[in-house]
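A closer look at the structure
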Amino acid sequence: MTVTRRLFLRTLAGGSAAALVAGGAGAAQAYRFGVTRHARTLPGLRAPLRAAFLTDLHYGLFIGAGSVAAWVDATNDLRPDLVLLGGDQLDARMDDLPGPLLRELGRLRAPLGVLGVWGNHDYGSFGRYGGRQYGAPRADWAAKRAELTAAFAGAGVTILRDEGRAVRDDLWVGGTDDLWFGKPDVMAALAGAGDRATLLVTHNPDLLPDLPRPAGLVLCGHTHGGQVRLPLIGAPVVPSAFGQRYAMGWVQGQHATPAYVSRGLGLSGLPVRNMCEPEITLLQLSPALS
């Protein structure tokens, strides 16, 4: 039998799967997290690099400062050279600055810095669009985005929006705007990279088929791995135009560009997960063999 999204949701609403996902098991899985470790070569690197990737924190609706503190502690314990944030740091209306979140992110320690991008839920928090946790859209959303960008910088987090930085003589980190509510410009994000190794951070993996040029490695979030996965069928619902193609893990974009899609750390829609543990991703990157 073909399992369609409609059939899955009908079954989930009325059967034992609902008890699993909406009950204690799904809630317990939602707030447990682990570290996934990946070793790869990165063309252009001249020395090894340890990069920690955290994405989809979703601070505000279901996630508080306590969860963020645990993620920061675990990340610092990994002793990364570089920390990257993949977007959707925020998930609530931001009339006031998110002081508790900024204080926790300010504790991240990495000698090459902490850099990130914005995601679609960040734009809801700016007021670009409305919703239950965002209230009505606001005309000054762009000013709110600028205010929050400055506040993150004050906490030691550089937000890249279609721009990049040389964080080491042999490494360029680029970051794009969000695919849904911005106008991501990969060429601008990687301009200036030269012959350095390149890491590109973009929130939504649906950008991957349209990459205008290759990158050494692309890091994405957004999908949460589907957040709820079931045996045999995987994730019945993935917020992607490509279904499960970019739901999670190692995938490939245009120009045979390698990419990693993280399951993320926070929660969206409902405070449950199933068979989809939140993750901090540790990338142990080394120079390519000559």
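Here goes a summary of the coordinates provided. Predicted model only: the values in this text are computed from it and were never measured. (Residues numbered from 1 in each chain as written. Predicted model: local features only at pLDDT ≥ 70, side-chain atom pairs only at ≥ 80, totals over all residues. Heavy atoms only, no water.)

A word on the environment of Pro100
- Here Pro100 lies in helix H5 (residues 99-105).
- With 34 residues separating them along the chain, Pro100 and Gly66 place their C-alpha atoms 9.2 Å apart.
- If we skip the residues at most four places from it in the chain, Pro100 touches Tyr59 and Ala65. (Helix = DSSP H or I, 4+ residues; strand = E, 2+ residues; numbered from the N terminus. Contact = heavy atoms within 4.5 Å.)

Here's the deal with helix H7 (residues 141-154)
- Between the first and last C-alpha of H7 there are 20 Å, a value that for 14 residues agrees with the 20 Å anticipated at 1.5 Å per step.
- Among the residues of H7, Lys144, Arg145, Leu148, Ala151 and Phe152 are the ones counted as buried. For H7, the angular spread of the buried residues around the axis is 125°, confining them to a single face. Those residues of H7 that are exposed and angled more than 90 degrees off the buried face are Ala150 and Gly154.
- On its buried side, H7 packs onto H5, helix H6 (120-126) and strand E5 (157-159).
- Positive phi appears at Gly156, one or two residues downstream of H7, with a value of about 90°. (Expected span 1.5 Å × (residues − 1). Buried < 20%, exposed > 50% of the residue type's maximum accessible area, 1.4 Å probe, protein only. Arc of directions from axis to C-beta.)

Side note on the packing of aromatic side chains
- For the structure on display, the rule yields 9 aromatic pairs.
- Between Trp118 and Phe126 the ring centres are 5.0 Å apart and the planes differ by 80°, which places this aromatic pair in the edge-to-face class.
- Under the relative-accessibility criterion, Trp118 is labelled buried at 1%.
- Ring geometry for Tyr123 versus Trp141: centroids 5.8 Å apart, planes at 55°, classification tilted. Taken together, the positions of Tyr123 in helix H6 and Trp141 in helix H7 put the pair 18 residues apart, joining distant regions of the chain.
- You can call Trp141 partly exposed: its relative accessible area is 21%.
- A network of ring pairs unites the aromatic residues Trp118, Tyr123, Phe126, Tyr129, Tyr134, Trp141, Phe152 and Phe181 as a single cluster.
- We note Arg40 situated over the ring of Trp250; from NZ or CZ to the ring centre the distance is 4.1 Å.
- Its guanidinium or amino end placed over the ring of Trp141, Arg128 lies 5.6 Å from that ring's centre, counting from NZ or CZ. (Phe/Tyr/Trp six-rings, centres within 6.5 Å; stacked < 30°, edge-to-face > 60°. Lys NZ or Arg CZ within 6 Å of the ring centre and 35° of its normal.)

Some remarks on the side chain of Arg145
- Take Arg145: it is sitting in helix H7.
- In this structure Arg145 is buried but unpaired, with Asp177 as the nearest side chain of opposite charge at 4.3 Å.
- Setting aside chain neighbours within four positions, we find Arg145 in contact with Trp118, Tyr123, Phe126, Arg161 and Asp177. (Lys, Arg positive; Asp, Glu negative; His and termini not counted. Salt bridge = Lys/Arg side-chain N within 4 Å of Asp/Glu carboxyl O.)

Here we look at the sheet that holds strand E4 (residues 114-116)
- Strand order in this open sheet of 6 strands is E1-E12-E2-E3-E4-E5, and the pairing throughout is mixed. The strands lining the two open edges of the sheet, one partner per strand, are strand E1 (34-42) and E5. Sheet twist, expressed as the mean angle between neighbouring strand axes with direction ignored, is 25°. (Pairing = 2+ DSSP bridges. Axes fitted to C-alpha atoms, helices over the stretch in contact; angles between N-to-C directions.)

Some points on the side chain of Ser125
- Along the chain, the position of Ser125 falls in helix H6.
- Residues contacting Ser125, with those up to four places away along its chain left out, are Leu90, Asp91, Ala92, Arg93, Met94 and Tyr134.

So, the sheet that holds strand E9 (residues 217-220)
- Strand order in the open sheet formed by 6 strands is E6-E7-E8-E9-E11-E10, and the pairing between neighbours is mixed. At either end of the open sheet lies a strand with only one pairing partner, and these are strand E6 (163-168) and strand E10 (249-253). Taking each pair of neighbouring strands and ignoring which way they run, the sheet shows an average axis angle of 25°.
- Alignment of strand E8 (residues 197-201) against E9, held across 3 bridges, turns out to be parallel. Bridging across to E9, Val201 finds its partner in Leu219.

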